[in-house]
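A look at the structure
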Amino acid sequence: PGGAQAPAADQVVEITAERFSFTPSQVCTTVGKVIEFRVESEDTMHGFRILGTDINVEVPKRGKGPAIVRFTPREPGKVIFECSHTCGAGHAFMRGEIVVSK
């Protein structure tokens, strides 16, 4: 296959979005590692936003495939991700964290 390709991710994380949670809701990684998130919905449309970054994508409803984003943490600590598409009464609780170590 020809064409330019992005470099391979160091870590691939598959996340399931479902009212009103992400599974897994905690992802552990290290500074500088390229993480490819593959977020797939089990029900309705959701969003996937990583706070403090410009990452904010729509996650299509069930059966429409995953939303794929890449994130490279630059410093240790916790980074929050959340649903950015209002999905119902529990929407505000639909979040998770990326735990970044050195």
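Quick note: structure is the one above.
A brief look at the structure comes next. Note that this is a predicted model, so its numbers are computed, not measured.

**Observations concerning the sheet that holds strand β4 (residues 35-41)**
- One open sheet accounts for 4 strands, arranged β2-β1-β4-β7; its pairing is mixed. One side of each edge strand has no neighbouring strand; the edge strands of this open sheet are β2 (21-23) and β7 (67-71). When the angles between neighbouring strand axes are averaged without regard to direction, this sheet yields 25°.

**Concerning the sheet that holds strand β6 (residues 56-59)**
- Pairing in this open sheet of 5 strands is mixed, and the strands run β3-β9-β8-β5-β6 from one edge to the other. Each end of this open sheet is capped by a strand with a single partner; those strands are β3 (26-30) and β6. Within the sheet, the average angular offset between the axes of one strand and its neighbour, ignoring direction, is 25°.
- Note that strand β5 (residues 46-50) and strand β8 (residues 77-82) share 2 bridges and pair antiparallel. Across the sheet, I50 pairs through a bridge with F81, a residue of β8.

**With respect to the side chain of E36**
- Within the element layout of this structure, E36 appears in strand β4.
- Overall, the relative accessible area of 8% leaves E36 in the buried class.
- Polar side-chain contacts of E36 include one of 2.7 Å to the side chain of R38.
- With sequence-adjacent residues up to four places away left out, E36 is seen in contact with A9, Q11, V12, V13, I68, V69 and R70.

Cut-offs and rules
Residues numbered from 1 in each chain as written. Predicted model: local features only at pLDDT ≥ 70, side-chain atom pairs only at ≥ 80, totals over all residues. Heavy atoms only, no water. Pairing = 2+ DSSP bridges. Helix = DSSP H or I, 4+ residues; strand = E, 2+ residues; numbered from the N terminus. Axes fitted to C-alpha atoms, helices over the stretch in contact; angles between N-to-C directions. Buried < 20%, exposed > 50% of the residue type's maximum accessible area, 1.4 Å probe, protein only. Polar contact = N/O pair within 3.5 Å; in protein donor to acceptor, adjacent residues only side chain to side chain. Contact = heavy atoms within 4.5 Å.

In short, the description is geometric, and any link to function would need to be established separately.
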